[in-house]
Every structure is written in C-alpha cells, then in structure tokens.
Amino acid sequence: MKKVAAADIVIFGGGIAGLWLLNRLRQTGLSVILFESGSLGGGQTHKAQGIIHGGMKYALQGVLTADSQAMSEMPERWRQCLLGKGEIDLSAVPILSSQHYLWAPTKFGSKLAGFFAGAALTSKVEALPTEKYPTVFQHPAFKGEVYSLDEIVIDVPILVRELVKANQDAVFKIEPLCDEELKFDDHGRLVSATVYMAGKSIEVTAQQFIFTAGAGNEVIIKKLKHDEVAMQRRPLHMVMVKTPFNYPLYAHCLGLGARPRVTITTHHTQDGSTIWYLGGQLAEDGIDKNSTAQIHAARQELQALFPWLNFEEAEFASFMIDRAEPKQKGGMKPETSFTKVIENITIAWPTKLALAPKLAEEILQQIQAAPITPHLFDVRELRSWPMPPLARPVWEDVFCKSVA
Ligand SMILES: Cc1cc2nc3c(=O)[nH]c(=O)nc-3n(C[C@H](O)[C@H](O)[C@H](O)COP(=O)(O)OP(=O)(O)OC[C@H]3O[C@@H](n4cnc5c(N)ncnc54)[C@H](O)[C@@H]3O)c2cc1C
C-alpha cells in the first residue's frame, strides 16, 4: 500500500529562508513539516559572511530605495531576536561583532563624510577615533580611516543549529525531487508531492507548499512552466585565509567603485585557527579565475591593504558558489526578498540572509489573507525517516579535515 503523510504546510529547503519560516509558521498552530535534500544550512546559508546588513552596502552602490530603507530595520529586528525578545529566540546565537566596519585605505576626509550625508544614513555611520579602530588597523603603517556601521555579524552555523533545535520532529531528509513527483488537480493546485529516501517513498499532501530551496527552486519552476517566475545565479569566488595571527576583523574596504573592494569577516575553527573569509569585489571579479589565480589575487590584495602583516605563512583556499535569486533585468542584484504565489504554491528567495525575517513575514501575511483551517496532521510514516544533518562550516571542511 502507498505510504502517505499530511500536514497543513510543507516546506522544501532547509536554509535560512525555510528554517526561519518553519519557526514562524509553527507559532501559528498550523502543522508544518520541512524537507531537506542535503544538509541543513549547507546551501548558500553556511557560506554567508553573517553580516546583518542595514542597507549601507547598497547606499555605497548609489541605490537608496524604499527597500534599502526597509533593510535598515533589519539589524534591530535581529538584535531583538538575539536578545531573546524578538519573534524567534536566538539568545544562544553568538554575535561575532556588534558592529561591521568600513575602512578606507587612504584618507577620504570630507569626501566620505559628504557622501554619507547625501546617503541620508549619517546616523548609522560613525567616524572612529584611532583608539576605537579594530586592532589590525592600530598600526603606524595604517594611513586610512575607519567608520563603524550599524550592522552586526552573527555566527551562522550556530544560527542554523538554533533554528533547527525546537523543530527536530518536523524536519526530514529526502532525496532531491525529480520531475514526476508532483501531482496537480485540474485547477493547477498542487495536491501532493511524493518524496523519496533510501528506497522508501511517501506521498505527502498539504494545503500549501512552499519552496525555499535556493538554487533547487529552479527544478520546481521548470515543472510549473510559469514564465512569471525565473531564477538567476550570480556566482562568487570566495577566499578563505587561515591566518598566522589573530586579528578579528569584520569590515568592508572602500574601493574606487561602488562595491566594497573586499569584505572581510573572521571565523574560528574548532581547532582554534583564525580564518579571514574574503568576499566583495574580489569574489565578484574572481569568477573567471581558477583557484590558483584567485588565491594569487587575494594574496596581492591583502599584501597591498595590510603591508605591515606577513601573509607568507598563511594558508589560502577558495571556492565558487552561486547566489540563487529571482531573475532580474540584465542579471542585476535584486533589491529585496521575493515571493511568488501560484495557486497553493509559493516560490521564495530571501536574496540576503538578513532578509529572512522579512520574507517569512510576507509569507505569513499571504497565508493570513487566505486563512488555512488546520486539517489532518499525520506524519507517522515519516517517523522512521532520518533527520538531515547540520552542515559543517566550510572553513572546518577545508582546514580541519580530521575533526569529525
Ligand atoms: C558567499 C556568500 C556570502 C553571503 N553573505 C551574506 C551576508 O553576509 N549577509 C547576508 O544577509 N546574506 C549573505 N549572503 C546571501 C545569503 O547567504 C542567501 O541569500 C541565503 O543564505 C539564501 O538562503 P536560502 O534558504 O534561500 O537558500 P540556501 O541556503 O541555499 O538553502 C536552500 C536549501 O534547499 C535545499 N534544497 C535544494 N533543493 C531541494 C529540494 N528539491 N528539496 C529539498 N531541499 C532542497 C538545499 O540543500 C539547501 O539546504 C551570502 C551569499 C553567499 C553565496
């Protein structure tokens, strides 16, 4: 006999978008389950630098829209959660840095101050006296200036662990969906999805199906044949540096262009190594380079920006990753989170980790506008299914291969 399961809402994809939403939806009393085909957080989420952007990065690019204004509310919303007072209790998630910094390698002086005034975000930016600089810049050879931004940096792997913690009974591992496994009725409503794991299958029915599968959303979009929604990939070539020194740094470097020349965050491996994780323009420009060339470019950039540090002994590694997003004209960066509702299916991308709360709020509002009456909840057949593992941080995988 065919095995079946039922819930009010089924989510596919256990990155930040799916996990935040799972927590919020379960608060409403609806029955919700989440399927993950890889590891929890193991898509883009674990590769994020963990910066809870407040819109400054976009202001730097000259884009100060209502959406970047909405983004400026994100740090405070996250802060409330991190204090245990927000919509989800994240009080166990470490704040890696209570501020993100912006540094100019040479003196910009009034030019920079003028820019911030123009960007109407002056209150969010503070020019720092030397003694408040991050330690790496407290060196006589540093000739630039440093600003603090109203942005925090969080520990993403622990964030994922905390979002999963209270939901272990609702998260199941599956194999990736193939084409035949979605059953629609005559009105185009999704009736059921058959999911597979280790030779077993279960047909899952639900009133709403939500796809927060990151790059995996592409498969479902093809199946829907709906041309109002399409996905784009914007690749990055990120670099990790196991440094021989311990300077915690969370900062954008201001370049000549609109984008940060390099964005550096700092992470620690279980064996105590300090990792500088490099993104920004360096990662955007590196997409056509092989790993050797990208690491060479990163070495040169770091040596140019920190001539007083010696990177000879540092270990470098790089990897490519796509940002999966709703398609934009000319492949541009989307400004905000995205949801598309087609009958009882929602396709969603947060486009930024920081925007996951906003995305979940939008989906909650859509559900409240056409309320769901709780129906049958039956996951007996899923009880023997495995839980997806939590992803390992990418720096652990690369630099601490022996630690399980
Ligand atoms: C290098 C990098 C750095 C970034 N830094 C930041 C930052 O500092 N701050 C910030 O705000 N944003 C940042 N971002 C953006 C942020 O990481 C992403 O917007 C966010 O993580 C996307 O989350 P998601 O849940 O949509 O996707 P993902 O994290 O990719 O999760 C999707 C999940 O779905 C699963 N899946 C796929 N197909 C299926 C299927 N058929 N069935 C079930 N599960 C499936 C995948 O295994 C995966 O676990 C960064 C992105 C990158 C790439």
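The rules we used
Counting starts from 1 at the beginning of each chain's written sequence and moves along it residue by residue. Local features in this predicted model are restricted to residues of pLDDT 70 or higher, and side-chain atom pairs are both shown and tallied only at a pLDDT of 80 or more, whereas totals for entire chains, interfaces and linings draw on every residue. A strand pair is defined by DSSP finding two or more bridges across the two strands. Think of it this way: any DSSP run of H or I at least four residues long counts as a helix, any run of E at least two long counts as a strand, and we number them from the N terminus. Interaxial angles span 0 to 180 degrees and are taken between N-to-C directions of axes, which are lines fitted to C-alpha atoms, for helices over the stretch in contact. Whether two residues are in contact is decided by their C-beta atoms, placed from the backbone, lying within 7 Å. For every residue, the other C-beta atoms within 10 Å of its own C-beta are counted; 20 or more classify it as buried, 12 or fewer as exposed, and values in between as partly exposed. C-beta atoms are placed from the backbone. Each C-beta atom gives one direction from the helix axis, and the arc is the one those directions make. We count a residue as near a molecule or strand when its backbone-placed C-beta atom lies within 6 Å of that partner. Only Asp, Glu, Lys and Arg are considered charged, only Ala, Val, Leu, Ile, Met, Phe, Trp, Tyr, Cys and Pro nonpolar, and every remaining residue, Gly among them, polar. Domain extents, as shown, originate in an automatic or database domain assignment.

(A) Quick peek at the sheet that holds strand E8 (residues 145-149). Spatially, E7-E8-E6-E16-E17-E18-E15-E19 is the arrangement adopted by the eight strands of the open sheet, whose pairing is mixed. Looking at the sheet topology across the chains shown, the edges are occupied by strand E7 (125-127) and strand E19 (315-326). Neighbour-to-neighbour, the strand axes of the sheet open up by a mean angle of 25°, direction not taken into account. Across twelve bridges, the pairing between strand E15 (residues 231-243) and E19 is antiparallel. Of the residues in E19, the one forming a bridge with Val239 is Ser318. Where helix H9 (residues 291-305) meets the sheet, it contacts E15, strand E16 (251-253), strand E17 (262-268), strand E18 (274-279) and E19, and its direction lies at approximately 105° from that of E19.

(B) Broad picture of helix H4 (residues 74-82). Every buried residue of H4 is accounted for by Met74, Pro75, Trp78, Cys81 and Leu82. On an axial view of H4, the arc spanned by its buried residues comes to 120°, and they lie on one face. At the exit of H4 stands Gly84, carrying a positive phi of roughly 80°.

(C) Broad picture of the site of the ligand. Near the ligand you find 38 residues, and of these Gly13, Gly15, Gly43, Gly214 and Gly216 are the closest. With three residues, the single largest contributor to the shell around the ligand is helix H1 (residues 16-27). By residue class, the composition of the shell around the ligand is 16 nonpolar, 18 polar and four charged. Inspection of the shell around the ligand shows a minimum of three residues originating in each of domain 1 (4-45 + 159-230 + 329-399) and domain 2 (95-155 + 233-324).

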